[in-house]
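Listed below, chain by chain, are the residues.
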Amino acid sequence: MTETWTAAFRSAPVSPYEPTPLVYPSRGFDDQTLRQVVRVRGGGDRLRVRLSNLYGKEPLTIARTRCALHTTGSAIAPGTDALVTFGGATEVSVNAGHEAISDPVDLATTTEVDLVISTYHATPCEPATYHPFALQTGYLATGDVTSHPEIPHPEQVEPRFHLTGIDVQTPPGRRVVAAFGDSLTDGVGTTPGANLRYTDHLARRVVAADLSLINLGIAGNRLLTNVFGESGTARFDRDVLAAPGVTHLIVQLGLNDICLPAMQGAPPLSADELIDGYIAIAERARHHGLTTVIATITPFSGAEAISPGFDNPENEELRQRINQWIRTSGEFNAVADLDQALCDPATPAALAPAYDSGDHIHPNDAGAQAVAAAIADALPA
């Protein structure tokens, strides 16, 4: 099977420079059903569900899991609901630091469809391994309502919990592009629930080339430092190399390494340290035969008023040095120059107003589309 949807996960704070989670904290569940919606691309007749307890300290027990096609809100499409089993059992216990992969589920999917994964947590569990910015509302209710056509008056939740991937049975040889990055890859700045991240746009473009795309972005993530999730260099093997079918890699990291230290009172990183991090990823990717695209670091002038410490002359100088290395190093197969694609021609250190979500850091829906176009043009045939 080919992995057609995935989410890179993070835990509770892992650094003294992250005293609180980015926006949405993690949480536990007790006698509750969690219903989560995911957009899956790549048609097939069977699928498997992946559940993670990567950052847990105790075993995670999920009493029941069901899968269905989505209509609207918390509702599922009639006649599509299917029980998900693990080794033939309804209940699954996932040890700390591990992942569970379900048995194949007979549920047909089309080229682009929304799935609903409902999990019932019968007994208390600790704060969950989670992904803060799902940009897709989930639904929480008391008791086991995993098979209900719709959840009445649910609590709405914003992060993604435990659900780490969907594998769809596709024709043999289908290739996978791994989009590995931070909040820009995660889709922060785009319209929630609309599937307008750059990875959504790009996935629609590459499907004609018999490619699938998985989004491995984590908002706030860094190339070198374990703040807002494990660093890019630390999670690369697990998130990219272990994903089934990956042949292409997009690396979009570095902005947070440049700008977040001053915001959080941490020591700055040097250009040489960042370059060594990029080279480490490039070498791992080459060793495994991946075709690689690296993105330049995008503009952030004007962000100081919203995010003090983010935008200063030292950070801009470091961004320019890193971008020059990215454009000329030859360490990766291709370069997607997002700096040029998104900058304001009148003020190159800033995002173009048409692409600015309003915080002067994250691209909006139009900016995400421009990012997808730049990366699509850079992807080797």
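Procedures and definitions
Residues numbered from 1 in each chain as written. Predicted model: local features only at pLDDT ≥ 70, side-chain atom pairs only at ≥ 80, totals over all residues. Heavy atoms only, no water. Helix = DSSP H or I, 4+ residues; strand = E, 2+ residues; numbered from the N terminus. Buried < 20%, exposed > 50% of the residue type's maximum accessible area, 1.4 Å probe, protein only. Phe/Tyr/Trp six-rings, centres within 6.5 Å; stacked < 30°, edge-to-face > 60°. Salt bridge = Lys/Arg side-chain N within 4 Å of Asp/Glu carboxyl O. Pairing = 2+ DSSP bridges. Axes fitted to C-alpha atoms, helices over the stretch in contact; angles between N-to-C directions. 1 Å grid on protein atoms, 1.4 Å probe; cavity = no way out; pocket = protein on both sides within 12 Å on 5 of 7 lines; lining within 4 Å. Points joined across faces, edges and corners; volume = space filled by probe spheres on them. Nonpolar A, V, L, I, M, F, W, Y, C, P; charged D, E, K, R; others polar.

**Q** Sorry, what's going on with unusual backbone geometry here?
**A** As a rule of thumb, non-glycine residues mostly have phi less than zero, and peptide bonds are mostly trans rather than cis. For Leu 135, which is not glycine, the phi dihedral falls at a positive 55°. With respect to the secondary-structure elements, Leu 135 resides in the loop between strand S11 (130-131) and strand S12 (138-142). For His 360, which is not a glycine, the phi torsion comes out positive at approximately 65°. Among the secondary structure elements, His 360 is positioned in the loop between strand S22 (347-351) and helix H8 (365-378). The exposure class of His 360 is partly exposed, given its relative accessible area of 28%.

**Q** What exactly am I supposed to notice about the packing of aromatic side chains here?
**A** Aromatic rings considered in pairs are described by the distance between their centres and by the relative angle of their planes. Scanning all chains against the criterion turns up five aromatic pairs. With a centroid separation of 5.1 Å and 85° between ring planes, the pair formed by Phe 29 and Phe 161 is classed as edge-to-face. Separated by 132 residues along the polypeptide, Phe 29 in the loop between strand S1 (2-6) and strand S2 (32-41) and Phe 161 in strand S14 (residues 160-161) bring together distant segments of the chain. The pair Phe 29 / Phe 161 is uniform in exposure class, with both members buried.

**Q** Before we go on, may I ask you to explain the pattern of salt bridges in this structure?
**A** Once the charged atoms of two side chains with opposite charge are near each other, the side chains can pair. One pass over the structure, following the stated rule, counts 22 salt bridges. Put simply, Arg 235 and Asp 239 hold a salt bridge, and the shortest N to O gap is 2.8 Å. Here Asp 239 and Arg 235 lie together in helix H3 (residues 232-241), a separation of four residues that amounts to about one turn. Of the two residues, Arg 235 and Asp 239, both sit in the buried class. Notably, a salt bridge pairs Arg 327 with Asp 337, separated by 2.8 Å at the nearest N-O pair. Of this pair, Arg 327 sits in helix H6 (residues 313-328) while Asp 337 sits in the loop between strand S20 (334-336) and helix H7 (338-342), and the two are ten residues apart along the sequence. Here the salt bridges share partners, and the residues they tie into one network are Arg 39, Arg 41, Glu 112, Asp 114, Arg 197, Asp 200 and Arg 204.

**Q** Mind showing me how you'd approach the sheet that holds S2 here?
**A** With antiparallel pairing, six strands are arranged side by side in an open sheet as S6-S5-S10-S2-S12-S13. Among the strands making up the open sheet, the edge pair consists of strand S6 (82-84) and strand S13 (155-157). Adjacent strand axes in the sheet meet at a mean angle of 30° when their direction is disregarded. Alignment of strand S5 (residues 64-69) against strand S10 (residues 112-121), held across six bridges, turns out to be antiparallel. Its bridge partner lying in S10, Arg 66 is registered against Ser 118.

**Q** How do you make sense of empty space enclosed by the protein when you look at a structure like this?
**A** Unoccupied space between atoms shows up once a probe the size of one water molecule is rolled over them. Summed over all chains, the structure comprises five cavities of 30 Å³ or more. In this structure, the second largest cavity occupies an estimated 60 Å³ of space. For the second largest cavity, the full set of lining residues is Asp 182, Ser 183, Leu 184, Gln 252, Leu 255, Asn 256, Thr 298, Ile 361 and His 362. Elements represented by at least two residues in the lining of the second largest cavity include exactly helix H1 (183-186) and helix H4 (255-264). A breakdown of the residues in the lining of the second largest cavity according to their chemical character gives three nonpolar, five polar and one charged.

Nothing here speaks to function; it is geometry throughout.
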